[in-house]
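Here is how the chains run, residue by residue.
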Amino acid sequence: MKWKDRRTVHILPLLTPEVAGRFWAYVDRRGPDDCWPWTGPTSDGYGNFHLRGNTLRASRVAWVAHNQRELGRLCACHSCDNKICANPAHIWPGMLGEN
């Protein structure tokens, strides 16, 4: 089976209130300026969220859910350099080399 680039998965249509609730239940939300650790599954140090047969980075889902728009081919980069952080305030859209 050919690997599917997770950046091509459209998240917004799949983010029903139930799915969003399941996602945010894995996030340890703290103060607005603090990192919000992902408490769910991880790989390579990054949070993973499973959605309809796709494994997505938690930071990507957090940014899309918060901003209500897709990242397209851009990556969800962390300003805090904490791979498990899911605080949308710490995540910005950028190219892989910028992260």
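Positions within a chain are numbered from 1, following the residues in the order the chain's sequence is written. In keeping with the model being predicted, local features are shown solely for residues with a pLDDT of at least 70 and side-chain atom pairs are shown and tallied solely at 80 or more, while totals for entire chains, interfaces and linings include all residues. Hydrogens and waters are ignored; side-chain quantities use all the structure's heavy atoms.

Student: Explain the nonpolar core to me, and be specific about the residues and the numbers.
Tutor: Each nonpolar core is a collection of buried residues, namely Ala, Val, Leu, Ile, Met, Phe, Trp, Tyr and Cys, held together in the definition by side-chain atoms within 4.5 Å. Under the scheme applied here, a residue whose accessible area is under 20% of the maximum for its type counts as buried, over 50% as exposed, and between as partly exposed, the area being computed with a 1.4 Å probe on protein chains only. Grouped together as the largest cluster of nonpolar side chains are 24 residues, with contacts concentrated most on L15, F23, W24, V27, F49 and V61. If you list the elements that add at least two residues to this core, you get α1 (17-24), β2 (46-51) and α2 (58-67). Counting from the N terminus, the helices are DSSP H or I runs at least four residues long and the strands are E runs at least two residues long. Sort the elements by how many residues they give to this core and α2 lands first, with 6 residues. Once you skip the residues sitting within four places of it in the chain, L15 turns out to touch A20, V61, V64 and A65. Should any heavy atoms of two residues lie within 4.5 Å, those residues are counted as being in contact.

Student: Account for the confidence of the model for the protein, with residues named and values stated.
Tutor: Across the protein, the average pLDDT comes to 91, with 91% of residues at 70 or higher. Summarising per-element confidence for the protein, the mean pLDDT is lowest in strand β3 (residues 54-57) (93) and highest in α2 (97). As a per-residue measure, pLDDT tells how confident the predictor is, with possible values from 0 to 100.

Student: Any chance you could break down unusual backbone geometry for me, citing the residues and the numbers?
Tutor: Residue D44 is not a glycine yet carries a positive backbone phi of 55 degrees. Relative to the helices and strands, D44 resides in the loop between β1 (42-43) and β2. By relative accessible area, D44 is classed as exposed at 62%. Despite not being glycine, D81 shows a phi value in the positive range, around 60 degrees.

Student: Mind laying out the pattern of salt bridges, listing which residues take part and the relevant values?
Tutor: Think of it this way: side chains of opposite charge can pair up when their charged atoms draw near. In the sections that follow, a salt bridge refers to a side-chain nitrogen of Lys or Arg positioned within 4 Å of a carboxyl oxygen of Asp or Glu. A full pass over the atoms with the stated rule returns 1 salt bridge. For D28, the salt bridge goes to R30, with nearest N and O atoms at 2.9 Å. Judged by relative accessible area, D28 falls into the partly exposed class, the value being 31%. With a relative accessible area of 48%, R30 lands in the partly exposed category.

Student: Give a description of the side chain of H78 that names residues and reports values.
Tutor: Relative to the helices and strands, H78 is located in strand β4 (residues 75-78). Note on H78: relative accessible area 6%, which makes it buried. Reaching out from H78, the side chain makes a polar contact with the backbone oxygen of C85 at a distance of 3.0 Å. For the purposes of these results, a polar contact is taken to be a pair of N or O atoms within 3.5 Å, where, inside protein, one atom must be able to donate a hydrogen and its partner to accept one; residues adjacent in sequence count only when each atom of the pair is a side-chain atom.

Student: How would you explain the sheet that holds β2 if you had to name every residue and give the values?
Tutor: Pairing between strands is defined by DSSP: at least two bridges between the two strands are required. Strand order in the open sheet made by the 3 strands is β1-β2-β3, with antiparallel pairing throughout. In the strand order of this sheet, the two ends are held by β1 and β3, each with one partner. Along the sheet face, α2 touches β2 and β3 and points at about 75 degrees away from the line of β3. Axis geometry follows a simple rule: fit a line to the C-alpha atoms, using only the stretch in contact for helices, then measure angles between N-to-C directions, giving values from 0 to 180 degrees.

Student: Got a sec to walk through α2? Specific residues and values, please.
Tutor: Most of α2 is tucked away, with 8 of its 10 residues classed as buried. Looking at the buried side of α2, the elements it contacts are α1, β2, β3, β4 and β5 (91-94). Where α2 ends, the next residue or the one after it, Q68, has phi of about 55 degrees, a positive value.

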